[in-house]
Amino acid sequence: MTINASVNVLVVTYRRKVIDDAISGFARQTFERIGASYHITLTEWNHDGDHIHVLFKAHPNTEMSKFLNAYKSASSRLIKRDFPHVKRRLWKEMFWSRSYCLVTAGGATIDVIRQYIEKQGEE
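Let me sum up the structure you'll find in this document. Source: prediction; values computed, not measured.

So, how was this worked out
- Residues numbered from 1 in each chain as written.
- Predicted model: local features only at pLDDT ≥ 70, side-chain atom pairs only at ≥ 80, totals over all residues.
- Heavy atoms only, no water.
- Helix = DSSP H or I, 4+ residues; strand = E, 2+ residues; numbered from the N terminus.
- Buried < 20%, exposed > 50% of the residue type's maximum accessible area, 1.4 Å probe, protein only.
- Lys, Arg positive; Asp, Glu negative; His and termini not counted.
- Salt bridge = Lys/Arg side-chain N within 4 Å of Asp/Glu carboxyl O.
- Pairing = 2+ DSSP bridges.
- Axes fitted to C-alpha atoms, helices over the stretch in contact; angles between N-to-C directions.
- Contact = heavy atoms within 4.5 Å.
- Expected span 1.5 Å × (residues − 1).
- Arc of directions from axis to C-beta.
- Polar contact = N/O pair within 3.5 Å; in protein donor to acceptor, adjacent residues only side chain to side chain.

### Observations concerning the side chain of Lys-72
Tracing the chain through its elements places Lys-72 in helix H2 (residues 64–82). Although Lys-72 is buried, it forms no salt bridge, and the closest oppositely charged side chain is Asp-50 at an N-O distance of 14 Å.

### Thoughts on the pairing of strand E1 (residues 4–11)
The buried fraction of E1 amounts to seven of the eight residues, a majority that puts the element mostly inside the structure. Pairing between E1 and strand E3 (residues 51–58): eight bridges, direction antiparallel. Residue Val-9 lies in a different strand from E3, and its bridge partner there is His-53. In this structure, E1 lies alongside strand E4 (residues 101–104), joined through four bridges in antiparallel fashion. Within the sheet, the bridge partner assigned to Val-9 lies in E4 and is Cys-101.

### A word on the sheet that holds E4
On the basis of which strands lie adjacent, the open sheet formed by four strands has the order E2-E3-E1-E4 and antiparallel pairing. Looking at the sheet topology across the chains shown, the edges are occupied by strand E2 (40–47) and E4. Along the sheet, successive strands turn relative to each other by an average axial angle of 20 degrees, direction set aside. Its contacts with the sheet put helix H1 (residues 21–37) on E2 and E3, and the angle it makes with E2 is roughly 165 degrees.

### Observations regarding H1
Over its 17 residues, H1 runs 25 Å from end to end, which matches the ideal 24 Å to within 8%, given 1.5 Å per residue. All buried positions along H1 are accounted for by Ile-23, Ser-24, Phe-26, Ala-27, Thr-30, Phe-31, Ile-34 and Gly-35. The buried residues of H1 occupy one face: seen down the axis, they fall within an arc of 165 degrees. Of the exposed residues in H1, those oriented more than 90 degrees away from the buried face are Asp-21, Gln-29 and Ala-36. Where the residues of H1 are buried, they touch E2, E3 and H2. With a side-chain oxygen lying 3.2 Å from the backbone nitrogen of Ala-22, the N-terminal cap of H1 falls on Asp-20. Within two residues after H1, His-39 carries a phi angle of roughly 60 degrees, on the positive side.

Right, dumping it as structure tokens:
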């Protein structure tokens, strides 16, 4: 069975810098929990104040749009519930922006992508 590696970037609404280590860890655990139902395995995770980068492996038949919508919806609700201070920084109910970037990593090695994600937020 072929497993596809993909990179996903999720951005906070209005690019508000609300993601700290605690929120990132919580979001990561939520990603792993929901991802298991979709046969998705987390490989690398890193965050900056206003976005996260995720490297993961998924079965080629995985319905990525369904997974990402489920993840964004659940994590948004749970983050706002467990980290109420975030609501004061956002103008509307959404935590994540409506858009997302999803790129399959066909040509690059996992190590190259992992290094890219590890360096996010260092600047």
